[in-house]
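# Topology and contacts: notes
The lines below spell out each chain.
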Amino acid sequence: MKLIFERSVPGRKTEYIPLPDVPCPEPEFERRGTKLRLPELSEVQVDRHYTELAGETRGVNGGFYPLGSCTMKYNPPMAEVCAALPGFADVHPLQTDESIQGCLEVMDMTERILAEITGMDAMTLQPAAGAHGEFTGLLLIKAFHRSRGDTLRRKILVPDSAHGTNPASAAMAGFEVVNIPSDSRGYVDLEELKKRLGPDTAGLMLTNPNTVGLFDPQISEITRAVHEAGGLNYYDGANLNAIMGIVRPGDMGFDVVHVNLHKTFATPHGGGGPGSGPVGCKAFLSDFLPGFRVRGEKELKRENAASRIGDVRSFGGNFTVVVKALAYLLSIGREGVPRTASNAVLNANYLMHRLRDVYPMAFDQTCMHEFVITLEKLREETGVSAMDIAKTLIDYGMHPPTMYCPLIVHEALMVEPTETESRETLDAAADAFRDALEQARLHPEEGHLRPLTTRIRRPDEVRAARKPVIRYDFGD
Ligand SMILES: *Cc1c(COP(=O)(O)O)cnc(C)c1O
């Protein structure tokens, strides 16, 4: 497919407004020293170009997208319509409080609902993504220990099954990362955790259900042990799809939590678009929260706490993502929140049960919103890897599941169907998974070549990530 610059023809354009027949004033100054080189095309060419590009893109709208940990659920366009309303889309953060009462109410309501779902007392909507939320939450923990003159607490404990952003955020926030091993069941090894706790413990970061899709039944004991050592508990709630409305991180003993609005709460993601990673905390940490709090009953206003950690992003964060989340939450309602979670868990278990006789499960028990397959044996026997199977699934019209995550499972495929898929879709996916495996056993050499049906087959993913080409080279 051609790039838009390659389709450009000098002078080509579509004009709707005739050129003025009166003299136009010249601009008084131009900062740009050279002419802006934009592609020159007619409107229909532009339209066709982007339609073709869209057709090359794989999204939830195009087919099954079981990307574990990422919750690629179908998002109702209704939420987009709400976010595009002029009262939300056309406001400016420097407007007076009086002139944005509706927006402040949206923020206030969203914070209250998220606080209720997570069992926290206060929230900030400022962080722009999950990892950004983690970083913010860790700064709260740091500020808390500092405020008490407790400067020795420099270590954050992170289980080895954690999402990669957890240790990265802890290091970014200036902590030392201490690894906690998992036991053979996939849970936190409680004895090993206790051995690592001490007067240098700042806190623990945990996801529950964890990244292998299991709910750790020792959770109260884990968070209690950390508290007894003087540390705080951070809950990675990037993916809340299995538990929202059913159990609350606040009741499990967590002090700080972030949620990804762009996973659980209806915002399309994955293409680098705007996200939102609100952070909630218990009351004793609320004065450290960044940004402003919405206060007042009838007249809402923005207020800053004096001891806050500062801003982690400008103004109120990615506001339209917040609008989408609220629209989604209000549309599913109080009953819909736990029902969504139950259906997410049901769908994951249904798919797992349709696969477990041929695909070895990393932890063969009832899962939460996702499950992890291990293809170590397949690789030993046939040379076909988890990557090959994932690529094969593209030929069946689906997006591959998450590969090689978590790191503690070898040749891992992490599958999360989400609650928005029908039984027919899950059955078709199960058939595709099974067929892909059969093909791998019959023609292992072909497995390395998959996908066979796409324009680009096996790009150099490392190079694409490390050295992305994002500028058109005019060759001069
Ligand atoms: C996605 C995810 C994150 C990171 O969220 P981003 O918005 O991508 O920064 C953190 N933890 C878990 C468990 C996740 O699934």
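Let me sum up the structure you'll find in this document.

About the cut-offs
- Residues numbered from 1 in each chain as written.
- Predicted model: local features only at pLDDT ≥ 70, side-chain atom pairs only at ≥ 80, totals over all residues.
- Heavy atoms only, no water.
- Core = buried A, V, L, I, M, F, W, Y, C linked by side-chain atoms within 4.5 Å.
- Buried < 20%, exposed > 50% of the residue type's maximum accessible area, 1.4 Å probe, protein only.
- Helix = DSSP H or I, 4+ residues; strand = E, 2+ residues; numbered from the N terminus.
- Contact = heavy atoms within 4.5 Å.
- Lys, Arg positive; Asp, Glu negative; His and termini not counted.
- Salt bridge = Lys/Arg side-chain N within 4 Å of Asp/Glu carboxyl O.
- Polar contact = N/O pair within 3.5 Å; in protein donor to acceptor, adjacent residues only side chain to side chain.
- Pairing = 2+ DSSP bridges.
- Axes fitted to C-alpha atoms, helices over the stretch in contact; angles between N-to-C directions.
- Right-handed = clockwise from strand over helix to strand, strands pointing away.
- Near = heavy atom within 4 Å.
- Areas by Shrake-Rupley, 256 points an atom, 1.4 Å probe, with all protein chains shown as cover.
- Nonpolar A, V, L, I, M, F, W, Y, C, P; charged D, E, K, R; others polar.
- Phe/Tyr/Trp six-rings, centres within 6.5 Å; stacked < 30°, edge-to-face > 60°.
- Patch = residues over 30% accessible without salt bridge, like charges linked within 9 Å, V, L, I, M, F, W, Y side chains within 5 Å.

### Structural notes on the nonpolar core
Of all hydrophobic cores here, the largest spans 55 residues; its most connected members are L114, L193, L240, M244, L261 and F265. Those elements giving two or more residues to this core turn out to be α4 (101-118), β3 (176-180), α7 (190-196), β4 (201-206), α8 (219-228), β6 (256-259) and α10 (319-355). Looking at which element gives the most residues to this core, the answer is α10, with 12 residues. If near-sequence neighbours (up to four positions away) are discounted, L240 is found in contact with I117, T118, Y235, V259, T264 and F265.

### Points about unusual backbone geometry
Each neighbour pair has its own omega, and for C405 with P406 the value is -5 degrees, a cis peptide bond. Summarising the element assignment, P406 is placed in the loop between β11 (402-403) and β12 (412-415). Cis geometry is adopted by the peptide bond preceding P451, which originates at R450 and carries an omega value of 0 degrees. You can see P451 is positioned in the loop between α14 (444-447) and α15 (461-466). A positive phi angle, close to 50 degrees, is found at F315, a residue other than glycine. Residue class for F315 comes out partly exposed when judged on its relative accessible area of 39%.

### Section: the side chain of D236
By the element assignment, D236 lies in strand β5 (residues 232-237). For D236, which is buried and forms no salt bridge, the nearest opposite charge comes from K263, at a distance of 6.8 Å. Among the polar contacts listed, one links the side chain of D236 to the backbone nitrogen of A238, at a separation of 3.0 Å. Those residues in contact with D236 that lie beyond four places of it in its chain are E134, H163, N166, L206, T207 and H258.

### Observations concerning the sheet that holds β11
Spatially, β10-β12-β11 is the arrangement adopted by the 3 strands of the open sheet, whose pairing is antiparallel. Of all the strands in the sheet, just β10 (371-374) and β11 have a single pairing partner and so form its edges. Examined bridge by bridge, β10 and β12 share 4 bridges and lie antiparallel to one another. Within the sheet, the bridge partner assigned to I373 lies in β12 and is L413. Contacting β10 and β12, α10 runs over the sheet at an angle of about 20 degrees to β10. The sheet strands contacting helix α12 (residues 386-394) are β11 and β12, and the helix crosses β12 at an angle near 40 degrees.

### A look at the pairing of β5
Summarising burial for β5: 6 of the 6 residues are buried, a large majority. The side-chain alternation of β5 yields two buried faces, one formed by L232, Y234 and D236 and the other by N233, Y235 and G237. As paired elements, β4 and β5 share 4 bridges and run parallel to each other. Pairing of G203 across the sheet is with L232, part of β5. Following the chain from β4 across α8 to the adjacent parallel β5, one finds a crossover that is right-handed. Relative to β6, β5 runs parallel, the two sharing 4 bridges. Along β6, the bridge assignment pairs D236 with H258.

### What to know about the site of the ligand
Surveying the vicinity of the ligand reveals the residues S69, A129, G130, A131, E134, H163, T165, D236, A238, N260, H262 and K263. In this structure, S69 approaches the ligand through a side-chain N or O atom, which is 2.6 Å from an oxygen atom. Measuring from an oxygen atom of the ligand, one finds a backbone N or O atom of A131 at 2.8 Å. Alone, the ligand offers 380 Å² of accessible surface; in the complex the protein occludes 86% of this. Sorting elements by how many residues they give to the shell around the ligand places helix α5 (residues 130-147) first, with 3 residues. Each residue belonging to the shell around the ligand can be placed in one class, and the counts come to 3 nonpolar, 6 polar and 3 charged.

### Comments concerning the sheet that holds strand β1 (residues 122-124)
One open sheet accounts for 7 strands, arranged β1-β7-β6-β5-β4-β2-β3; its pairing is mixed. Whereas interior strands pair on both sides, the edge strands pair on one side only; in this sheet they are β1 and β3. Across the sheet, the mean angle from the axis of one strand to that of its neighbour is 25 degrees, orientation sign disregarded. With 3 bridges connecting them, β6 and strand β7 (residues 279-281) associate as antiparallel partners.

### Section: the packing of aromatic side chains
Two numbers describe a pair of aromatic rings. These are the distance of the centres and the angle of the planes. Scanning the entire structure with this criterion turns up 7 aromatic pairs. Ring plane angle 70 degrees and centroid distance 5.2 Å describe the contact between F144 and F284, whose orientation is recorded as edge-to-face. Here F144, found in helix α5, pairs with F284, found in the loop between β7 and β8 (293-295); they are 140 residues apart in sequence, far enough to count as distant. With a relative accessible area of 14%, F144 lands in the buried category.

### Concerning the pairing of β12
Covered by surrounding structure in β12 are A412 and M414 together with L413 and V415, the residues of both alternating faces. Of the pairings in the sheet, the one linking β11 to β12 comprises 2 bridges and is antiparallel in character. When the sheet's bridge partners are listed, M403 is paired in β12 with L413.

### A word on the pattern of salt bridges
Per the counting criterion, the structure on display carries 30 salt bridges. The shortest N-O distance in the salt bridge between R7 and E52 comes to 3.2 Å. With R7 in the segment before α1 (43-56) and E52 in helix α1, this pair connects stretches of sequence that are 45 residues apart. For the salt bridge of R248 with D251, the shortest nitrogen-to-oxygen distance reads 2.9 Å. Judged by relative accessible area, R248 falls into the partly exposed class, the value being 31%.

### Focus on a nonpolar patch on the surface
Taken together, the side chains of M1, V46, Y50 and L53 present a nonpolar region at the surface, about 330 Å² in accessible area. The partly exposed category is assigned to V46, whose relative accessible area is 30%.

In short, shape yes, function no, at least from these values alone.
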